[in-house]
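Fold and geometry: a report
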Amino acid sequence: MKKLVSLSMAAALGVSILQGCGSKTGSAEEFTASSKGFGGDVTITAIVENGKILSATAEGKSETEGKGSLAIDSFNKGELGVKSGNDISSSSVDSVSGATVTSSALQTAWKSIIRQAAGNTESKKTTMKEGTYTETVYGNNYSRPSEVTVTLGEDSIEDIQVTDIGGETQEIIQTVIDNLIPRIKSNQSLAVDSITGATASSGGVKTAVKNAIDEAGGDSSEWYDEIQYKSDIVELDGYDTVVVGLGGTGVSAFLSASDAGASVIGVEAAAKVGGTSAVVGGPMAINPKDPSVQPESGTEGYPIDTDAFEKQWIKDTNGDAKEKCIDIMMNDSGSTLDWMIEDHGFSFTPLSSFMMYPYILYSEYDIQNIITQQYVNALDKACKKNEKNQYLTEVKAEKILSENGKITGIEAKGADGTIYKIHAKSVILATGGFGGNAELTKKYTGTKMNLYGMYQNDGTMLAYAVENLNADTYNIGTAGITHLARTTVDLRDSSVTPSHQKTLDAIVDSTDVLHVDEKGNRFTQGDRAEDITENAHKAGDYFWSIVSDEYMNDIKENGLNQVYMMLNVQDDSLPMMAMIDPSVEIPEENAKYILKENDPITDIDKIISIGEEMGIVVEADSLEELAKKIGAADLKETVEKYNSYAKDGNDPEFNKAKENLKEVSGKKYYAIKGTGYSYSTCGGLNVNENIEVLDKDGNVIPGLYAAGTDSMGVLLSETTGYIDYGGIDHGWCLTSGKIAGEKAAKYASK
C-alpha cells in the first residue's frame, strides 16, 4: 500500500529528515506491506523520499516474546540493515538467529516495499528455473532438522513433499502435510495461515518453499498473494454440552459427557486432537485397579497410603491447594485410568515412581507413537452414541455466549473464516492454559514463557471468562511446568557436530555450574537439574550460567561430566521408554543427535563463536568486564562468594552439595544465556470439587466448567510451584475432565 506523506507530516511524526531535503516542498511516500510471521502478520511501514529511506518501522504483536519480538525490535533499531538515509533499492533485511520465521516475514515485507517504491505493482512473478529443490529446514524440533522437496514450474508451485520428518512429531507434521501443503498449492501462495497446533512445523515447510523459490531464481516475496476467507455464519443448536479444546482434558470430558447420555460437540483449534497430552509421558493415577497397570507384586510403597500422601501434598503446597480438589486426585485419578483403559481402549504402562519422588503413581502411554490415534478412536466411538455428537478441528473458540446469567454456548471461528455459533446448555473449558500468550503470562506470572507445549493454548477463553463473566482465578501466578532449560535461542549450525549443538543447553542444566539471575545473584540451589529448570522463572525472563576458559578447555578435552536426560528426550533423539528400559532400540538416525557424557567437545571454540554471534554467549577477560557486558551488577561479588564456598566445601546460602561447588576461575569468563521451556501454565480459573467455575464472589457460574490446566491452580501454590510427584498435570487433566463431563451432562439434563 502506498500513501503520499508531506514533509511537514513526516517531521510531526518524528521522522528524521535528511540534511539537504528539509527545504524541499515535495512530498514523501509511505509504503506498507505485511507478511505472515510465527504468530500472525508482521507489518512494515516505511517513508521514502527520492529513493532514500526516511523511516522504517515494523510491528508484529503476535510474534513470540523474546524471539520473534527481538527480530522486530532489532529491525526498528536499524540493526538488520535497513536504516534511515540508506538507498531503498539496495537495502535488505538481515536474518536473526532463533527467529527464522519472523525474520523471513520481515524480509518478505521489505522486498514488497522495495517493489512498491520502484513502482512495480504488477502481479507477474519472476520466472523460475523449473526443477525439484531439496531444502533442509528446522520446524518444531530444537535440534533435528527435516527435509522438504519442492517441485517448481516457471511460474508455479507444482509439488511439496516432506521427504524426511527429522525430529518432527509424526502426528503434528502430518497435519501440515494434510492441510498446509494442499492450501499452499491450491492458492499458489505462502500467505496461507500456519496450521494451529503445528505453527513451527508449518513455518519449516513455508521456509523450504521460500528458499526453493529463491534458489530457482524467483523472488519469494512475490508469492504472498492475499487469501480470501469465508464470512459464513453457521448455527449449531440443541446441544447439552460443548467442550472447548480436545486435548487430554477435553477428550476425557467429551467421553464422560457422552457416557452420561448428553448430546455433546467438541471444538479444537488445532488440526488434530490430543493437544499437549499427545506429547507428554503420562498421568498420575493413584491406586488404579486395572491389572495392566499394576506394578510388580511386593513393590515397596504400593498401594499408596492416601491419607499420608494427602498430608504431604498439603504441606508441599503450604496449605494453598484446595483440599477437596486434592481429594479428587486421591479418590478418582486411579478409577479414571481404569475407565480410560476398560471403557475407551487406552493403553498404559505399569505404575512406577517419577524422578526423585518415591510414590508409585506414574503411568505412561504404552505405545508412544499412536497416542493421537487412541484419542481419535475413543472420540469416534463416543460420537456413535448420539447422532448429534460430533467434533470439529481447526475451529477456535473466541467467546462464551450467555443470556440472563446463564451459559448458552460459544462462538468460534474456523480456519476458513466461517463463524460458528454453537448453542448448548453447558460449556466445558479445556483449552490447556495460557502459555501461548506472552501478554497473559507476563501479566499473571511476571515472566514471559517459552513453550515446549502447544502455542494454541493462548488463554482466549480463560481471559474471556475473567473479563466478561466475572470469573475468579486461583493461584494463577504459579510458574509453568518446566522440565528443561535451554539457551534462549537454539544453536542450529551444520558446521557443528549434530549432538554438540546441544552443548550450551547442557551447560545451563548442569549442577556443577554457577547460575545467576539478570542482576548476577543466585536464584536456586542447583543440586539437581530439575531444581535449575523448575526454578528458572525465579531469575526472570532468562538466567546466566557462568563458566571460565578452564571449564571450556576441560569439556573440549574430556567432554561434559553430565548431560541432563531431558535434553535428549525432548527432541526425541532418545525415546522416553529407553530411560526406563535399556533394551529399547534407538534408531540409528537418532544416535548422532544424542549428546553424551565424556564425549570430547572438540568444536567448542566454534560453538562459542557462533553463540556469541547469536547473543547467547558473552565472553570477557575479567569478571568485571563480563558483569558490565551482561548488565549484572552483582556478578563479581556473587562469584567471589561462590568461590569461597567452593574452597570451604560449604554453601551457607543455598546448601549446595560439596561435589557440585566448583570454583569459577581462569583467564577468560563466559556467560551463557538460558531460560526454562514449559509444557504449559499451572494456574487458572477457580473451580470447586464439581469443576464448576466460581465468580469473584465465590458463587458458581451455572453451566460453566474449567478442567485440566485451565484450573490446575487449585492443586498447587504460587509459592512452591509445580510439584514433580509424577504426572500431576496430566492426571488432573484426565480426572477433572471426566468429572466435568459428568457434571455438565447432569446440569444439562435438569
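For the structure itself, look to the data block above.
Residues numbered from 1 in each chain as written. Predicted model: local features only at pLDDT ≥ 70, side-chain atom pairs only at ≥ 80, totals over all residues. Heavy atoms only, no water.

For the rest of this paragraph, the subject is the pattern of salt bridges. Taken as a whole and judged by the stated rule, the model has 28 salt bridges. Between lysine 36 and aspartate 193 there is a salt bridge; the shortest N-O distance is 2.9 Å. Separated by 157 residues along the polypeptide, lysine 36 in strand E2 (residues 27-36) and aspartate 193 in the loop between helix H4 (170-187) and helix H5 (199-215) bring together distant segments of the chain. For lysine 36, a relative accessible area of 26% puts it in the partly exposed group. By relative accessible area, aspartate 193 is classed as partly exposed at 32%. The salt bridge partner of lysine 125 is aspartate 225, with a shortest N-O separation of 3.1 Å. Linking lysine 125 in the loop between helix H3 (100-117) and strand E5 (131-137) with aspartate 225 in the loop between H5 and strand E8 (233-244), this pair joins segments that are 100 residues apart in sequence. (Salt bridge = Lys/Arg side-chain N within 4 Å of Asp/Glu carboxyl O. Helix = DSSP H or I, 4+ residues; strand = E, 2+ residues; numbered from the N terminus. Buried < 20%, exposed > 50% of the residue type's maximum accessible area, 1.4 Å probe, protein only.)

Put simply, helix H7 (residues 306-316) and helix H8 (residues 323-344) touch, their axes get as near as 11 Å, and they point 140° apart. As far as their axial angle goes, H8 and H7 are oblique. For the crossing formed where H7 meets H8, the hand is right-handed. Contacts from Thr306, Phe309, Glu310, Trp313 and Ile314 in H7 reach Glu323, Ile326, Asp327, Met329 and Met330 in H8. (Axes fitted to C-alpha atoms, helices over the stretch in contact; angles between N-to-C directions. Parallel < 35°, antiparallel > 145°, perpendicular 65-115°, else oblique. Left-handed = near helix turned anticlockwise from the far one by under 90°. Contact = heavy atoms within 4.5 Å.)

Below, the discussion takes up the pairing of strand E14 (residues 406-414). Here strand E13 (residues 395-403) pairs with E14 via 8 bridges, running antiparallel. Note on E14: the bridge partner recorded for leucine 401 is glycine 409. Following E13, the chain reverses through 2 residues before pairing antiparallel with E14; asparagine 404 in that reversal takes a positive phi of roughly 55°. The pairing of E14 with strand E15 (residues 419-429) spans 5 bridges and is antiparallel. Bridging from a neighbouring strand, lysine 413 pairs with isoleucine 419 of E15. (Pairing = 2+ DSSP bridges.)

The antiparallel open sheet is built from 3 strands, whose spatial order is E5-E6-E7. What marks the edges here is a single partner per strand, and that holds for E5 and strand E7 (157-164). Across the sheet, the axes of successive neighbouring strands diverge by a mean angle of 20°, strand direction being ignored. Bridging between E5 and strand E6 (residues 146-152) involves 7 bridges; their strand directions are antiparallel. Directly across from threonine 136, in E6, lies its bridge partner glutamate 147. Packed on one face of the sheet, H5 meets E5, E6 and E7 and runs near 135° to E5.

The end-to-end C-alpha distance of H4 is 25 Å, a good match for the 26 Å that 18 residues give at a rise of 1.5 Å each. When the local axis directions of H4 are compared, the greatest deviation, roughly 30°, occurs at isoleucine 177. Among all positions in H4, only Glu171, Ile172, Ile173, Thr175, Val176, Asn179, Leu180, Ile181 and Ile184 are buried. Summarising the contacts, the buried residues of H4 are in contact with E7, H5 and helix H9 (371-383). (Expected span 1.5 Å × (residues − 1). Bend = angle between axes of the 7 residues up to and from the residue.)

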